[in-house]
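# Observations on the three-dimensional arrangement
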Amino acid sequence: MLPEGIDMAKAGPLFCGGITVFSPIVISGVQPTDKVGIIGIGGLGHLALKFLRAWGCEVTAFTSSKDKTQKLKEMGAHNVVDSTDKDELDKITGTLDFILNTTNVKLNWDAFLATLSPQGKLHTVGAVLEPMEIPAFSLISGEKSVGGSPLGSIALTRKMLEFCVRHDIYPTVEEFKMEDVNKAIEHLHDGKARFRVVLKA
């Protein structure tokens, strides 16, 4: 049963993308005082950003496109770091308690592990197609850990929906009429969707 007051036009993506990024926050024990990072601010990452900001965390958005800085801050990021700039990464060495990866591409995982504080966690929900190269000593030296997760339970999904209603958190969507479904699919295939596409009757 959906909580009272939920925006039905935007609720759909929460049952997939929403719970995918909400679950790690809970199962990893992220605290409101934590400093967290998000890799990939797309369909999953923009929801993670909104969740973690409302959770009370100091949120850092990693991006390879510096022209997105203002947009990411408007979405809730406290800090924006160029993930391709070694100097910027070096400035936050050992400062993050938790990093959530939402991308599905091979990255310099050691560089991101270096930004974690002792006992920090790197959690992936992005289905990285290649084996993730994780240097053992990057984990051992700081007692760091790497994990991953799929969706969440029904009970956790219900909790997420209540959290969304309480904090007015919804995916950023583009709406198409049902008869324009082919246009919507083409829009998606062209990589123009920002950030979720919703069909309306």
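Structure shown above.
My aim in this report is to walk through the structure given alongside it, one point at a time.

How each quantity is defined
Residues numbered from 1 in each chain as written. Predicted model: local features only at pLDDT ≥ 70, side-chain atom pairs only at ≥ 80, totals over all residues. Heavy atoms only, no water. Helix = DSSP H or I, 4+ residues; strand = E, 2+ residues; numbered from the N terminus. Rg over C-alpha atoms; globule rule 2.2 N^0.38 Å. Contact = heavy atoms within 4.5 Å. Axes fitted to C-alpha atoms, helices over the stretch in contact; angles between N-to-C directions. Parallel < 35°, antiparallel > 145°, perpendicular 65-115°, else oblique. Nonpolar A, V, L, I, M, F, W, Y, C, P; charged D, E, K, R; others polar. Buried < 20%, exposed > 50% of the residue type's maximum accessible area, 1.4 Å probe, protein only. Core = buried A, V, L, I, M, F, W, Y, C linked by side-chain atoms within 4.5 Å. Pairing = 2+ DSSP bridges. Phe/Tyr/Trp six-rings, centres within 6.5 Å; stacked < 30°, edge-to-face > 60°.

## Considering the overall build of the protein chain
A count of helices and strands for the protein chain gives 9 helices and 8 strands. In summary, the protein chain has a C-alpha radius of gyration of 17 Å against a globular reference of 17 Å for 201 residues, a match within 12%. With respect to the principal axes defined by its C-alpha atoms, the protein chain has extents near 55 × 35 × 30 Å. Sequence separation of at least 24 residues holds for 58% of the intrachain contacts in the protein chain that already meet a minimum separation of 6.

## Section: the packing of helix α2 (residues 17-27) against helix α8 (residues 154-167)
At a closest axis distance of 10 Å, the pairing of α2 and α8 adopts a crossing angle of 100°. The orientation of α2 relative to α8 falls into the category roughly perpendicular. Residues Gly 18, Ile 19, Phe 22, Ser 23 and Val 26 of α2 touch α8, and the partners they reach there are Leu 156, Thr 157, Met 160 and Phe 163. Its residues assigned to classes, the contact of α2 with α8 shows 6 nonpolar, 3 polar and no charged.

## Here we look at helix α3 (residues 45-55)
In terms of residue burial, α3 counts as a mostly covered element, since 8 of its 11 residues are buried. Those residues of α3 not exposed but buried are Gly 45, His 46, Leu 47, Ala 48, Leu 49, Lys 50, Phe 51 and Leu 52. Close packing links the buried residues of α3 with α2, β1 (35-39), β2 (58-63), α4 (69-74), β4 (96-101) and α8.

## Remarks on the nonpolar core
Of all hydrophobic cores here, the largest spans 34 residues; its most connected members are Val 21, Phe 51, Leu 52 and Met 160. Core analysis: the next-biggest nonpolar cluster, separate from the first, contains 14 residues, Leu 96, Leu 113, Leu 116 and Val 128 among them.

## Here we look at the sheet that holds β2
Strand order in the open sheet made by the 6 strands is β3-β2-β1-β4-β5-β6, with parallel pairing throughout. This sheet does not close on itself; its edge strands, each paired only once, are β3 (79-82) and β6 (145-148). Neighbour-to-neighbour, the strand axes of this sheet turn through a mean angle of 20°, independent of strand direction. In this sheet, β2 lies alongside β1 in parallel orientation, the contact comprising 5 bridges.

## Some remarks on the packing of aromatic side chains
Under the counting rule described, the total for this entry stands at 6 aromatic pairs. Between Phe 22 and Phe 51 the ring centres are 5.3 Å apart and the planes differ by 75°, which places this aromatic pair in the edge-to-face class. With Phe 22 in helix α2 and Phe 51 in helix α3, this residue pair connects regions lying 29 residues apart in the sequence. Residue Phe 22 is classed as buried on the basis of its relative accessible area of 1%. The interplanar angle of 55° and the centroid separation of 6.1 Å between the aromatic rings of Phe 51 and Phe 163 together place this pair among those described as tilted. Pair noted here: Phe 51 is in helix α3 and Phe 163 is in helix α8, with a separation of 112 residues, a long-range link. For the pair shown, Phe 51 and Phe 163 are each scored as buried. Taken together, the ring pairs connect Phe 22, Phe 51, Trp 55 and Phe 163 into an aromatic cluster.

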